[in-house]
Amino acid sequence: MLVVLRNVPFVLTTCHLIIFLSFFFTQLLFAGYHTPNENEIWNFDSLVAHSNGVVTGSFPSYSVNDTITISPNDLLVVQARSVVTLSQTSIVVDGAFRAIGNANAMIRFTGATPSPASWKELRFEDSTEDFNHVLSYCIIEYADKSINCINASPKISHCTIRY
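> Can you break down the overall build of the protein residue by residue, with the values?
Of regular secondary structure, the protein possesses two helices and 18 strands. Within the protein, the fraction of its 163 residues that count as buried is 37%. Long-range contacts, defined as pairs at least 24 residues apart, comprise 54% of the intrachain contacts of the protein with a sequence gap of at least 6. For the protein, the exposed surface amounts to about 9,100 Å²; the carbon and sulfur share of it is 57%.

> Requested: an account of the pattern of salt bridges, with residues and values cited.
According to the stated counting rule, one finds four salt bridges in the structure shown. Here Arg-108 makes a salt bridge to Glu-141, at a shortest N to O gap of 2.8 Å. Taken together, the residues Arg-108 in strand 12 (residues 107-111) and Glu-141 in strand 15 (residues 138-141) connect sequence positions 33 residues apart. Put simply, Glu-121 and Arg-123 hold a salt bridge, and the shortest N to O gap is 3.0 Å. Linked by salt bridges that have partners in common, Arg-108, Glu-141 and Arg-162 make up one network.

> Can you tell me about the state of the cysteines, naming the residues and giving the values?
Tallying each qualifying case throughout the model produces zero disulfides. Looking at Cys-159, it has no disulfide partner, and the nearest cysteine sulfur is the one in Cys-138, 4.4 Å off.

> Describe in detail the nonpolar core, supporting the description with residues and values.
Within the largest apolar cluster, 29 residues are counted, with the highest numbers of intra-cluster contacts made by Phe-44, Ile-68, Ile-91, Phe-97, Phe-109, Leu-122 and Leu-135. No other element matches the three residues that strand 13 (residues 119-124) contributes to this core.

> Provide a residue-level description of the packing of aromatic side chains, including the pertinent values.
Enumeration according to the criterion identifies four aromatic pairs in this entry. Ring geometry for Phe-97 against Phe-109: centres 6.2 Å apart, planes inclined by 40 degrees, an arrangement best described as tilted. One end of the pair, Phe-97, is in strand 11 (residues 96-100); the other, Phe-109, is in strand 12, and twelve residues separate them in sequence. Ring centres 5.6 Å apart and planes at 80 degrees place the aromatic pair Phe-97 and Phe-124 in the edge-to-face group. Taken together, the positions of Phe-97 in strand 11 and Phe-124 in strand 13 put the pair 27 residues apart, joining distant regions of the chain. A relative accessible area of 0% places Phe-97 in the buried class.

> Give a description of the environment of Met-106 that names residues and reports values.
Take Met-106: it is sitting in the loop between strand 11 and strand 12. A residue is classified by how much of its surface remains accessible, and Met-106, at 26% relative accessible area, is partly exposed. Along the backbone, Met-106 and Cys-159 are 53 residues apart, and their C-alpha atoms lie at a distance of 8.9 Å. Those residues in contact with Met-106, other than ones at most four positions away along the chain, are Ala-80, Arg-81, Ser-82, Tyr-137, Cys-138, Ile-139 and His-158.

> Which residues make up the sheet that holds strand 10 (residues 90-93), and what values do they have?
On the basis of which strands lie adjacent, the open sheet formed by five strands has the order 3-7-10-13-16 and parallel pairing. Sheet topology places strand 3 (33-34) and strand 16 (143-149) at the edges, where each strand pairs with a single neighbour. The pairing of strand 13 with strand 16 spans five bridges and is classified as parallel. Its bridge partner being in strand 16, Phe-124 is matched across the sheet by Cys-149.

Each value, and the rule that gives it
Residues numbered from 1 in each chain as written. Predicted model: local features only at pLDDT ≥ 70, side-chain atom pairs only at ≥ 80, totals over all residues. Heavy atoms only, no water. Helix = DSSP H or I, 4+ residues; strand = E, 2+ residues; numbered from the N terminus. Buried < 20%, exposed > 50% of the residue type's maximum accessible area, 1.4 Å probe, protein only. Contact = heavy atoms within 4.5 Å. Areas by Shrake-Rupley, 256 points an atom, 1.4 Å probe, with all protein chains shown as cover. Salt bridge = Lys/Arg side-chain N within 4 Å of Asp/Glu carboxyl O. Disulfide = S-S within 2.5 Å. Core = buried A, V, L, I, M, F, W, Y, C linked by side-chain atoms within 4.5 Å. Phe/Tyr/Trp six-rings, centres within 6.5 Å; stacked < 30°, edge-to-face > 60°. Pairing = 2+ DSSP bridges.

Structure follows, in structure tokens:
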């Protein structure tokens, strides 16, 4: 197939078509919001401001409407007393993740409906940032897989995981 781009002939090969379709379907499969991988420190307020509706709300209550992916060079910090409500979606951590509450200010990750498997998971992917994966004084409830570690070892302390 011959395509003309800016008066320059361009031959669309099968390889080009496969690359385009791979990109297109990857975007469909992994929709949601990906942080831009620019060594940024994110919190849920900054996700609300930049995610085009994937994350809504304001401190302390946030709703996650589609998958959030924390890119390899980025960090998501979840403030103490935050309540993060997810609806059939996940938070995928390729970068760093710190959810550090305390005994008087727990962090809650919960489902949009109070029933088992209301949301998917907190997924920690293989990375060199294990020392930066911390969940402390968190309640994780109504998730299908709760915490899913793919060759990752987050530090988890004083947390409650329940249906």
